[in-house]
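Okay, here's what each chain looks like letter by letter:
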Amino acid sequence: MKQFSGIPASPGIAIGRAFVFFDDEGVQVPSYSISASDVGSEWSRLVIAIDKAKVEVELLRDRARDEMGDEQSAIFDAHLLMMQDPDLFERMESSLKSNLRNIEWVILQLEQELVQQLSEIDDPYIRERTSDIHDVSKRILNHLLFRERMTLDDLKDDVVLVAHDLLPSDLISMNRDHVKAIVMDQGGRTSHTAILARAFEVPAVLGLGNVMKSLHAADLLIVDGKSGIVIVEPDDATLELYEGMRDRFIERERTLIADALDIVSTKDGKRVFLKANIEVPEEARAALRNGADGVGLFRSEFLFLQPGRVPDEDEQTRAYSEVLQVMKDRPVTIRTLDLGGDKALAELTDYSEKNPLLGWRAIRFCLSRQDIFRTQLRAILRASVHGDVRIMFPMISGVEELELSLALLGLAREDCDKRGIPYRKDIPTGIMIEIPSAAMTSDILAQHADFFSIGTNDLIQYTIAVDRGNERVAYLHQPFHPAVLRLIQRTIDAAHAAGISVGLCGEMAADPYAAIVLLGLGLDEFSMSGVSIPETKRLFRGVLAADARVIAGKVMTMTSPAEIEGYLKTRIDAESGTLR
Ligand code: PEP
Ligand code: MG
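Since the structure is predicted, the reported quantities are computational estimates derived from the model, not experimental observations. (Residues numbered from 1 in each chain as written. Chains lettered and ligands numbered in written order. Predicted model: local features only at pLDDT ≥ 70, side-chain atom pairs only at ≥ 80, totals over all residues. Heavy atoms only, no water.)

**A short note on the overall build of the chain**
Then comes step 1: A count of helical and extended segments in the chain gives 23 helices and 19 strands.
Then comes step 2: For 580 residues, the compact-globule estimate of 2.2 N^0.38 gives 25 Å, and the C-alpha radius of gyration of the chain, at 25 Å, lies within 12% of that figure.
Then comes step 3: If one aligns the C-alpha atoms of the chain with their principal axes, the spans along those axes are about 85 × 70 × 40 Å.
Then comes step 4: In the chain, which comprises 580 residues, the share counted as buried stands at 55%. (Helix = DSSP H or I, 4+ residues; strand = E, 2+ residues; numbered from the N terminus. Rg over C-alpha atoms; globule rule 2.2 N^0.38 Å. Buried < 20%, exposed > 50% of the residue type's maximum accessible area, 1.4 Å probe, protein only.)

**Looking at the domain arrangement of the chain**
Then comes step 1: The domain architecture assigned to the chain consists of domain 1 (2-25 + 150-251), domain 2 (36-144) and domain 3 (261-579).
Then comes step 2: Between the C-alpha centres of domain 1 and domain 2 there is a distance of 28 Å. (Domains from an automatic or database assignment.)

**A few points about the pattern of salt bridges**
Then comes step 1: Considering all chains together, one arrives at 33 salt bridges under this definition.
Then comes step 2: As a salt-bridge pair, R139 and E56 come within 2.6 Å of each other at their nearest N and O atoms. Of this pair, R139 sits in helix α6 (residues 130-144) while E56 sits in helix α1 (residues 39-68), and the two are 83 residues apart along the sequence.
Then comes step 3: Taking relative accessible area as the criterion, E56 reaches 26% and is therefore assigned partly exposed.
Then comes step 4: With its nearest N and O atoms 3.1 Å apart, the salt bridge here joins R419 to E313. Taken together, the residues R419 in helix α15 (residues 399-419) and E313 in helix α12 (residues 313-326) connect sequence positions 106 residues apart.
Then comes step 5: Since its relative accessible area comes to 44%, R419 is described here as partly exposed.
Then comes step 6: Residues participating in the shared-partner salt-bridge network are E313, D314, R374, R378, R382, D415 and R419. (Salt bridge = Lys/Arg side-chain N within 4 Å of Asp/Glu carboxyl O.)

**Things to note about the packing of helix α22 (residues 545-555) against helix α23 (residues 561-571)**
Then comes step 1: At a closest axis distance of 10 Å, the pairing of α22 and α23 adopts a crossing angle of 160°. The pairing of α22 with α23 is recorded here as roughly antiparallel in orientation. Along this stretch, α22 crosses α23, giving a crossing that reads as right-handed. Note on element contacts: α23 touches α22 through I564, Y567, L568 and R571, opposite I551, K554 and V555.
Then comes step 2: Partitioned by chemical class, the residues of the contact of α22 with α23 number 5 nonpolar, no polar and 2 charged. (Axes fitted to C-alpha atoms, helices over the stretch in contact; angles between N-to-C directions. Parallel < 35°, antiparallel > 145°, perpendicular 65-115°, else oblique. Left-handed = near helix turned anticlockwise from the far one by under 90°. Contact = heavy atoms within 4.5 Å. Nonpolar A, V, L, I, M, F, W, Y, C, P; charged D, E, K, R; others polar.)

**Regarding the site of ligand 1**
Then comes step 1: Near ligand 1 you find 15 residues, and of these R299, R335, G455, N457 and R468 are the closest.
Then comes step 2: R299 places a side-chain nitrogen or oxygen 2.7 Å from an oxygen atom of ligand 1.
Then comes step 3: In the model, an oxygen atom of ligand 1 is placed 3.0 Å from a nitrogen or oxygen of the D458 side chain.
Then comes step 4: With the chains in place, 99% of the 290 Å² that ligand 1 exposes on its own is no longer accessible.
Then comes step 5: Elements that contribute at least two residues to the shell around ligand 1 include exactly β11 (295-299) and α18 (456-464). (Near = heavy atom within 4 Å. Polar contact = N/O pair within 3.5 Å; in protein donor to acceptor, adjacent residues only side chain to side chain. Areas by Shrake-Rupley, 256 points an atom, 1.4 Å probe, with all protein chains shown as cover.)

**Re the side chain of E42**
Then comes step 1: Topologically, E42 is positioned in helix α1.
Then comes step 2: E42 gets classed as buried once you look at its relative accessible area, which sits at 6%.

**Some details on the sheet that holds strand β1 (residues 2-5)**
The strands that make up a sheet pair up through hydrogen bonds in the backbone, lying either parallel or antiparallel.
Then comes step 1: In spatial order, the strands read β1-β8-β7-β3-β4-β5-β6-β2; together these 8 strands make up an open sheet with mixed pairing. The open sheet has two edge strands with one neighbour each: β1 and β2 (7-10). For this sheet, the mean inter-axis angle between neighbouring strands, taken without regard to orientation, is 30°.
Then comes step 2: Two strands pair when backbone bridges link them, and strand β5 (residues 179-184) and strand β6 (residues 204-206) are joined in this way by 2 bridges, in the parallel orientation. (Pairing = 2+ DSSP bridges.)

**Brief notes about the nonpolar core**
Then comes step 1: Of all hydrophobic cores here, the largest spans 152 residues; its most connected members are I140, I182, F452, I488, F526 and L568.
Then comes step 2: Broken down by element, this core gets its largest block of residues, 9 residues, from α1.
Then comes step 3: Discounting chain neighbours no more than four positions away, the residues touching L568 are F480, Y513, V517, I551 and V555.
Then comes step 4: The next biggest cluster of nonpolar side chains, apart from the first, holds 17 residues, and it includes V162, L215, L221 and V230. (Core = buried A, V, L, I, M, F, W, Y, C linked by side-chain atoms within 4.5 Å.)

**Overview of a negative patch on the surface**
Then comes step 1: A cluster of like negative charges, contributed by D235, D236, E240 and E243, occupies part of the molecular surface.
Then comes step 2: The class for E243 is partly exposed, based on a relative accessible area of 31%. (Patch = residues over 30% accessible without salt bridge, like charges linked within 9 Å, V, L, I, M, F, W, Y side chains within 5 Å. Lys, Arg positive; Asp, Glu negative; His and termini not counted. Charge placed at Lys NZ, Arg CZ, Asp CG, Glu CD.)

**Points about helix α4 (residues 103-119)**
Then comes step 1: Counted at 1.5 Å a residue, the expected span for α4 with its 17 residues is 24 Å, and the 24 Å between its end C-alpha atoms agrees.
Then comes step 2: Here α4 has its buried residues at I103, E104, W105, V106, I107, L110, E111, L114 and L118. (Expected span 1.5 Å × (residues − 1).)

**Details of the packing of helix α19 (residues 482-497) against helix α20 (residues 512-521)**
Then comes step 1: Running from N to C, α19 and α20 cross one another at 35°; their axes reach a closest spacing of 10 Å. Considering the relative orientation of α19 and α20, their crossing is right-handed. Two secondary-structure elements touch here, α19 through L485, I488, Q489 and I492 and α20 through V517, L518 and L521.
Then comes step 2: Looking at side-chain class alone, the contact of α19 with α20 contains 6 nonpolar, 1 polar and no charged residues.

**A short note on the coordination of the magnesium ion (ligand 2)**
Then comes step 1: Protein coordination at the magnesium ion (ligand 2): the donors are E434 (OE) and D458 (OD), at 2.0 to 2.2 Å from the metal. In this pair, E434 is assigned in the loop between β14 (429-433) and α16 (436-440) and D458 in helix α18, connecting sequence segments 24 residues apart. For the pair formed by E434 and D458, the shared burial category is buried. (Donors = N, O, S within 2.8 Å, 3.2 Å for Na, K, Ca; no water.)

**Thoughts on the environment of Y567**
Then comes step 1: Mapped onto the elements of the fold, Y567 is located in helix α23.
Then comes step 2: For Y567, a relative accessible area of 14% puts it in the buried group.
Then comes step 3: Along the backbone, Y567 and A412 are 155 residues apart, and their C-alpha atoms lie at a distance of 50 Å.

**A closer look at helix α2 (residues 70-82)**
Then comes step 1: Relative to the 18 Å expected for 13 residues at 1.5 Å per residue, α2 spans 18 Å between its end C-alpha atoms, a close match to the ideal helical length.
Then comes step 2: Burial within α2 is extensive, with 10 of its 13 residues counted as buried.
Then comes step 3: Within α2, the full set of buried residues consists of E71, Q72, S73, A74, I75, F76, A78, H79, L80 and M82.

**Topic: the pairing of β11**
Then comes step 1: Here β11 lies mainly inside the structure; 5 of its 5 residues are buried.
Then comes step 2: Where strand β10 (residues 271-278) and β11 come together, 3 bridges link them in parallel fashion. In the sheet register, N277 faces β11, and the bridge partner there is L297.
Then comes step 3: In terms of strand pairing, β11 meets strand β12 (residues 332-335) through 3 bridges, oriented parallel. Bridged to R299 within β12 is R335.

**Concerning the state of the cysteines**
Then comes step 1: The final tally for this structure, using the stated rule, is 0 disulfides.
Then comes step 2: Here C505 is not cross-linked by a disulfide; its sulfur's nearest cysteine counterpart is in C366, at 16 Å. (Disulfide = S-S within 2.5 Å.)

Okay, here's the thing in structure tokens:
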């Protein structure tokens, strides 16, 4: 029995036999000299191969759109764009002419150059886009070399898919009925593979380094997508243990989801709203299945972090409309672009900043790139006829930024009026409270906003001066720091004094201890990843809001995170979701 530990990318437990997916990495791409008179025929071979590849990708794109919506099919639109990019054609032509080597060699060289350019960029989102370049290049090479691209479409048995790196097209085309889990050497939580695995609800452990080399076809594997553990050839006791865990997980999900469809109130009748955080439109369906009262945070910047291009107004309109239509009349809060910081984008933001998290990010970026901001606002307005949309501005640090943002929204409305485009006139407009200056002036901001949503991931980062992505100081990212709790309390009180609602959409919302404290502090809405909703609903159903108020009152008198956490553990049984 062996055990490996990787990045938990999609929750759930699966037990199954390994299907080790060797794609055609090992196959040699031929390299030979050609004469100048062969250039024309090499070029024709390329054109024919690209035409065939395009037909294939169009089919994949249509299938992705039918089965999963625009967000996933956009991956293939990007592949098609790459295959038509005049700059890439120019580079291939000049390489063919100057090197006088066969076209396969030219393609491979270009792929390596492009991957090298991306790998120099210090941003995981961008680096992960190399898989798209690889995907396109391999598809064209396969046509040139008359190789059938192996697909995962024909899997006939249930398997755990083991691969070095899976391409977006592999995941889209794989037989999802038979892939019970995914185990991969490469990939992070933000890779397409992780996004798609979560969207398909297939447990996945990624970023395992070199595990593929240690595994063999038909090895028995246990994959725990929540803890990031992969066990190879488990002994009987371990197998039994995980079979029990898997069955309990499935049963628990089933009952939790069944119960989650009802609205939730505490035992003493306080109605609590539980909404979903989503990154791609596809997640809206899962949010509904998990019983979300709406979407509390649509991180719209992920539309921009797809490979290859910046979505235009029409594409954005389609994406926002899709979410609104899926959610029917449930409210959907679209957060305007939070690009920059740890979500930099080569085409738009600035990579050379010394302190990107304190730099040209979110609303600061949007206010200086008003063309991009206004386009997004128009797209949201155009989509607004499809449902109950709300607009939320991220990283507001003071009232002037909010006033300017609202003025730009006014201009976007005028644009629509001029073009005769219908939109809802009553769209609530709110802000994220995620900077201490905003929390401290929440009474002022509340005069100009229709709602608040507290972004604790950033609020903690900026209050305690702790980079939320830095493992070394992760211990300081403390939701129960009295400074953080005071800022939250202040924000909730200011919102209520002004008669507006206040939610919280940081990771903290899904923590059972924090959820009770936040309920006790009077928070109106909780927004979290869809899979956490059923569990949180169960927690709230079992408690009295009055008890939560007592607990929160006590917590607010305490002096350190350790003291608070110790106390909460004595009062809340997180496993059974009950108060003691
Ligand atoms: C937050 O900061 O808490 C938040 C929800 O926004 P993001 O995680 O996207 O920065
Ligand atoms: Mg944030």
